[in-house]
Amino acid sequence: MLTIAMSIVIGTLARWYMLRIDSRMYPSYPQGYLIHLTFGAIAAALGAVAVPAVMAKDYQAVTFLALAATQFREVRSLERETLQNMENTELVARGTAYIEGIARVFEARNYLALLASLLTSLVAHLLPERLVVAAIAGASVPLFLRRAMQGLRVRDIARFCEVPIEFDGPMLIAGGIRIMNVGLPDTRRKYLEKGVAIAVIPKDANAKATLSNIGQHQAMLHDVAGQLGVLKDTGEAEFTPIARRDPVSGQVVLVIIPAERNIEALITAVGSVPVLESVRRRPLSSKAGRLAD
Amino acid sequence: MEIDVKRSIMAVVTMHGDRVCGGGAPVFLAKDEQELESMAAAIARVMAGMVHEVGEGILIIVKH
């Protein structure tokens, strides 16, 4: 009984730990916090009872783990739905790829709680005299997986530099890339005065393929706008931040009118955007990709 | 369910009525450059659209 309780506590703590480290990904509303802690505790409970059930030759108990997997898929759709419903209220949309990425992370973190409690319970059964060892083993799961689950950030796959904004007639050009047609002279003036353009230059062919994804562009725009603010209100479509890609070099230029014009902060914000796991490509791992590089 | 029109020309604002034919979108005639810009800006704000210049004195408002 003690081992089960301990496993549940450690699994729940693992979930709590993952809730805390990522404040940006997590919209910190107290209800959401409670929902995910509760799900984490349920996951931990399932992991904790699995080992004693198998020991007692109650193999049916394993099917509960399958039930858990179904439950956690629900968590994913719950998060996806929430974020999709919020999408209309965002000045700069997250984009479906980013939403999918966040939802997936929430599902994965429940499995983490399950794994942590499963390992605690397993070690506690193997070494019933040394419960401390079991606790350490369980706690090491989130500590080790934390880095692995964080994934890459844009700064790991790209370099950044500021590029000038200029106009050719109505056409806004930044870093040699034609970005968009701006019809009103007032808007053009505002872009010239307050706009910033950042070129995101991929480091290799893998990064180039990954950065070509539109969902990744939207994620960068959303995070930058979220962290630096954007000079835009509802109905002002012309001030929506925009990203365009140079098909030859693969570099992506982001044009935004931030509330605060600070290049260093902008580059930091773009750099810390996660590389969405579902858009990652690795052409260099294929023979054709290496030949083409 | 909300239905929203996207990627469509909401209106045309021009100083040259002879160069624009009526079609899917309403055409607004402006008498000078200042009116052209203010009309386009007003329509764009109301429709949450973006103003694009397709030719000298011809602006279209597009919802993206």
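Before going further, it helps to spend a moment on the interface of chain A and chain B. Counting from both sides, the interface comprises 12 residues of chain A and, opposite them, 12 residues of chain B. Where chain A abuts chain B, roughly 1000 Å² becomes buried across the two surfaces, and 57% of that area is made up of carbon and sulfur atoms. Our count for the contact surface shared by chain A and chain B stands at three salt bridges. One salt bridge in this structure joins B:Glu53 and A:Arg188, with 2.8 Å as the shortest N-O distance. For the pair chain A and chain B, the number of links is five residue pairs in polar contact (both at pLDDT 80 or more). Of all the secondary structure elements, the ones that give two or more residues to the side of chain A that touches chain B are β4 (177-181) and α7 (185-194) of chain A.

Among the structural elements, A:Asn110 can be located in helix α4 (residues 96-126). In this view, A:Asn110 contacts A:Arg15, A:Phe39, A:Gly40, A:Ala43, A:Phe72 and A:Val75; residues no more than four positions away in its chain are not counted.

Residues and elements named next belong to chain B. Within the secondary structure, His 64 sits in the segment after β4 (58-63). Sequence spacing of His 64 and Leu 36 is 28 residues, and the spatial spacing of their C-alpha atoms is 21 Å. Separated by 2.8 Å, the side chains of His 64 and His 52 make a polar contact.

Residue and element names in this part refer to chain A. When cut into domains, chain A gives domain 1 (2-150) and domain 2 (155-292). Between domain 1 and domain 2, the C-alpha centre-to-centre distance is 35 Å. Surface buried jointly by domain 1 and domain 2 totals about 1200 Å² across both partners, of which 63% is contributed by carbon and sulfur atoms. Our count for the domain 1 to domain 2 interface comes out at one salt bridge. The shortest N-O distance in the salt bridge between Glu 277 and Arg 104 comes to 3.0 Å.

A word on the sheet that holds strand β2 (residues 27-29) of chain B. Residue and element names in this part refer to chain B. On the basis of which strands lie adjacent, the open sheet formed by four strands has the order β2-β1-β4-β3 and mixed pairing. Each having just a single partner strand, β2 and β3 (50-55) make up the two edges of the open sheet. Pairs of neighbouring strands in the sheet enclose a mean axial angle of 25 degrees, with direction left out of account. Looking at chain direction, strand β1 (residues 8-14) and β4 are connected through six bridges and run antiparallel. Note on β4: the bridge partner recorded for Thr 14 is Ile 58. On the sheet, helix α1 (residues 33-47) packs against β1, β2, β3 and β4 and is oriented at approximately 160 degrees with respect to β1.

Reading the values: the criteria
- Residues numbered from 1 in each chain as written.
- Chains lettered and ligands numbered in written order.
- Predicted model: local features only at pLDDT ≥ 70, side-chain atom pairs only at ≥ 80, totals over all residues.
- Heavy atoms only, no water.
- Contact = heavy atoms within 4.5 Å.
- Buried area = accessible area lost by both parts, 1.4 Å probe.
- Salt bridge = Lys/Arg side-chain N within 4 Å of Asp/Glu carboxyl O.
- Polar contact = N/O pair within 3.5 Å; in protein donor to acceptor, adjacent residues only side chain to side chain.
- Helix = DSSP H or I, 4+ residues; strand = E, 2+ residues; numbered from the N terminus.
- Domains from an automatic or database assignment.
- Pairing = 2+ DSSP bridges.
- Axes fitted to C-alpha atoms, helices over the stretch in contact; angles between N-to-C directions.

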